[in-house]
Amino acid sequence: MMINELSVPPTDTEVDAWAAVVAAAHRTDLPEVPAPTRVEVAGRLRVAPARGRSVYWAAEEGVAALILFTDEGNTHTAFLDLLAVRPDARRRGVGTALWQRIREQLLAEDRTSVAAEVDLGGPGQAFAESLGFENVLPMAWYVREIGGAEQAEVPATPGYELLTWHGLVPDDWAGAAAVAHGAMEDAPSGDTDGQIKSWTAQRLHAAQQLVLDRGGEMTTVAAVTPAGEVAAYTELVLPDPSGARALQYDTAVVPAHRGHGLGRAVKRRMEAEAAGRYPALRQIGTTVADENTPMRAVNEALGYRWERDAAVFQLKLQP
């Protein structure tokens, strides 16, 4: 088996081969979940993450992607973004060979830990545990179907105005939005080995620009006060604007503004915006940590259904 590191940027042929492996694995492991489209695959391969640099390996039978964090305080750790093997080539040592290349890269970069998001009950969990990864943050995927009259029923928010921004948050609101992002710091993070970085307007715009540069679209709905505060917000990302599934990114309510139903209001407005803007959209998917009882309750009230269990797994590396 020959494992090659992808060129930067990868060629169309390399993107097509990568997408074929990912699609084949996805059809077997998650047949009910829409597979990443070529637009999404190409965007992730060709545009580096905002917080680090990526390394990609590909064989005919499998692919792997590793993010090496470069932001201050996190240069000791990394994220295994993908390790996929074609179903017809499994149990032949392909995954192990790819992991060996990953591990060599991690040790060469002096990384002492690596994390990955893994679906529970499938081949990914068994493989991760065989390597010594441990579950440090249990979570689950939840899905909301788009369509129906109830999508337009947005709760009233006395004292707050709901604003919608497509693409980058406007400069006039970026600072306040960055402050509101700090409310995510009290969300459960388990025993993950990484430092949470403070949000600034520049960091916020960099994260949003990454979505756009990769060929996706992003919408933010915020509840704002007359004083210019962002009291609550939610973010929706379509990795492929023509795709059937969107991803719910952060939803947060600033502590001083909790108890007014703002989380539910911004998410309802988001659903209505998405349903009207993206005719091909059928589902919104999101992950919520098992410990995050308030957000799980909000999602349940909005009609999200459980889809599958997952977790962040982490491995402490030994030379």
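Look up a bit, the structure's there.
Now for a quick tour of the structure. (Residues numbered from 1 in each chain as written. Predicted model: local features only at pLDDT ≥ 70, side-chain atom pairs only at ≥ 80, totals over all residues. Heavy atoms only, no water.)

Focus: the overall build of the chain
Part 1: A tally of helices and strands in the chain yields eight helices and 12 strands.
Part 2: For 319 residues, the compact-globule estimate of 2.2 N^0.38 gives 20 Å, and the C-alpha radius of gyration of the chain, at 20 Å, lies within 12% of that figure.
Part 3: Along the first, second and third principal axes, the C-alpha set of the chain runs to 60 × 40 × 35 Å.
Part 4: Each of the 319 residues in the chain was classed as buried or not, and the buried ones make up 46%.
Part 5: Residue pairs in contact within the chain that sit at least 24 positions apart in sequence constitute 73% of those at least 6 positions apart.
Part 6: For the chain, the accessible surface area stands at approximately 15,000 Å², while carbon and sulfur atoms represent 51% of it. (Helix = DSSP H or I, 4+ residues; strand = E, 2+ residues; numbered from the N terminus. Rg over C-alpha atoms; globule rule 2.2 N^0.38 Å. Buried < 20%, exposed > 50% of the residue type's maximum accessible area, 1.4 Å probe, protein only. Contact = heavy atoms within 4.5 Å. Areas by Shrake-Rupley, 256 points an atom, 1.4 Å probe, with all protein chains shown as cover.)

Quick word on unusual backbone geometry
Part 1: Here the residue pair Val8 and Pro9 is connected by a cis peptide bond, since its omega of -5 degrees sits within 30 degrees of zero.
Part 2: Position of Pro9 relative to the elements: it lies in the loop between strand 1 (4-5) and helix 1 (12-29).
Part 3: Phi is positive for Arg91, which is not a glycine, with a value near 65 degrees.
Part 4: Judged by relative accessible area, Arg91 falls into the exposed class, the value being 87%.
Part 5: Phi is positive for Asp110, which is not a glycine, with a value near 60 degrees.

Things to note about the pairing of strand 6 (residues 134-145)
Part 1: Relative to strand 12 (residues 305-316), strand 6 runs antiparallel, the two being bridged by nine bridges. Along strand 12, the bridge assignment pairs Leu137 with Val312.
Part 2: For strand 6 and strand 11 (residues 283-289), the ladder comprises seven bridges, and the chain directions are antiparallel. Looking across to strand 11, one finds that Tyr142 is bridged to Thr286. (Pairing = 2+ DSSP bridges.)

Description of the nonpolar core
Part 1: Counting 26 residues, the largest nonpolar core has Ala223, Leu236 and Leu262 as the members making the most contacts within it.
Part 2: Mapped by element, the contributors of at least two residues to this core are strand 6, strand 8 (217-224), strand 9 (230-238), strand 10 (245-253), helix 7 (262-277), strand 11 and helix 8 (293-302).
Part 3: Element by element, the count of residues in this core is highest for helix 7, at five residues.
Part 4: Among all residues touching Ala223, those that are not within four sequence positions of it are Tyr160, Glu161, Leu162, Glu229, Val230, Ala231, Ala232, Leu262 and Val266.
Part 5: In terms of nonpolar packing, the next biggest core, distinct from the first, is built from 25 residues, Ile3, Val55, Ala78 and Ala128 among them. (Core = buried A, V, L, I, M, F, W, Y, C linked by side-chain atoms within 4.5 Å.)

A closer look at the side chain of Asp71
Part 1: Inspection of the secondary structure puts Asp71 in the loop between strand 3 (62-69) and strand 4 (77-85).
Part 2: Asp71 sits in the buried class, given a relative accessible area of 15%.
Part 3: Residues in contact with Asp71, not counting those within four places in the same chain, are Arg51 and Lys197.

Some details on helix 6 (residues 201-213)
Part 1: Taking 1.5 Å per residue as the helical rise, helix 6 with its 13 residues ought to reach 18 Å, and the 18 Å between its terminal C-alpha atoms agrees with that figure.
Part 2: Burial in helix 6 covers these residues: Leu204, His205, Gln208, Leu210 and Val211.
Part 3: For helix 6, the elements touching its buried residues are helix 5 (171-181), strand 8 and strand 9.
Part 4: Just downstream of helix 6, Gly215 is the residue with a positive phi angle, here 95 degrees. (Expected span 1.5 Å × (residues − 1).)

Looking at the sheet that holds strand 7 (residues 161-166)
Part 1: Spatially, the 12 strands line up as an open sheet ordered 1-2-3-4-5-12-6-11-10-9-8-7, and their pairing is mixed. With partners counted over all chains shown, the strands left at the sheet margins are strand 1 and strand 7, one partner each.
Part 2: Direction of pairing for strand 4 relative to strand 5 (residues 113-119): parallel, over a ladder of three bridges. By the bridge assignment for strand 5, Thr77 is matched with Ser113.
Part 3: Across the face of the sheet, helix 6 comes into contact with strand 8 and strand 9 while running at roughly 145 degrees to strand 8. (Axes fitted to C-alpha atoms, helices over the stretch in contact; angles between N-to-C directions.)

Overview of the packing of aromatic side chains
Part 1: Inspection of the entire model under this criterion finds three aromatic pairs.
Part 2: Measuring from centroid to centroid gives 5.6 Å for Trp18 and Tyr56, while their planes differ by 90 degrees, and the two rings are edge-to-face. One end of the pair, Trp18, is in helix 1; the other, Tyr56, is in strand 2 (residues 52-58), with 38 residues separating them in the sequence. Taken individually, Trp18 and Tyr56 each receive the classification buried, so the pair is uniform in this respect. (Phe/Tyr/Trp six-rings, centres within 6.5 Å; stacked < 30°, edge-to-face > 60°.)

Remarks on the packing of helix 1 against helix 2 (residues 38-46)
Part 1: Interaxial distance between helix 1 and helix 2 falls to 10 Å at its minimum, and their mutual angle equals 120 degrees. If you check the angle between helix 1 and helix 2, you find them oblique. For the pair helix 1 and helix 2, the sense of crossing is right-handed. Contacts between helix 1 and helix 2 involve Asp12, Val15, Asp16, Trp18 and Ala19 from the former and Arg38, Val41, Ala42, Leu45 and Arg46 from the latter.
Part 2: Classifying every residue of the contact of helix 1 with helix 2 by side-chain character gives six nonpolar, no polar and four charged. (Parallel < 35°, antiparallel > 145°, perpendicular 65-115°, else oblique. Left-handed = near helix turned anticlockwise from the far one by under 90°. Nonpolar A, V, L, I, M, F, W, Y, C, P; charged D, E, K, R; others polar.)

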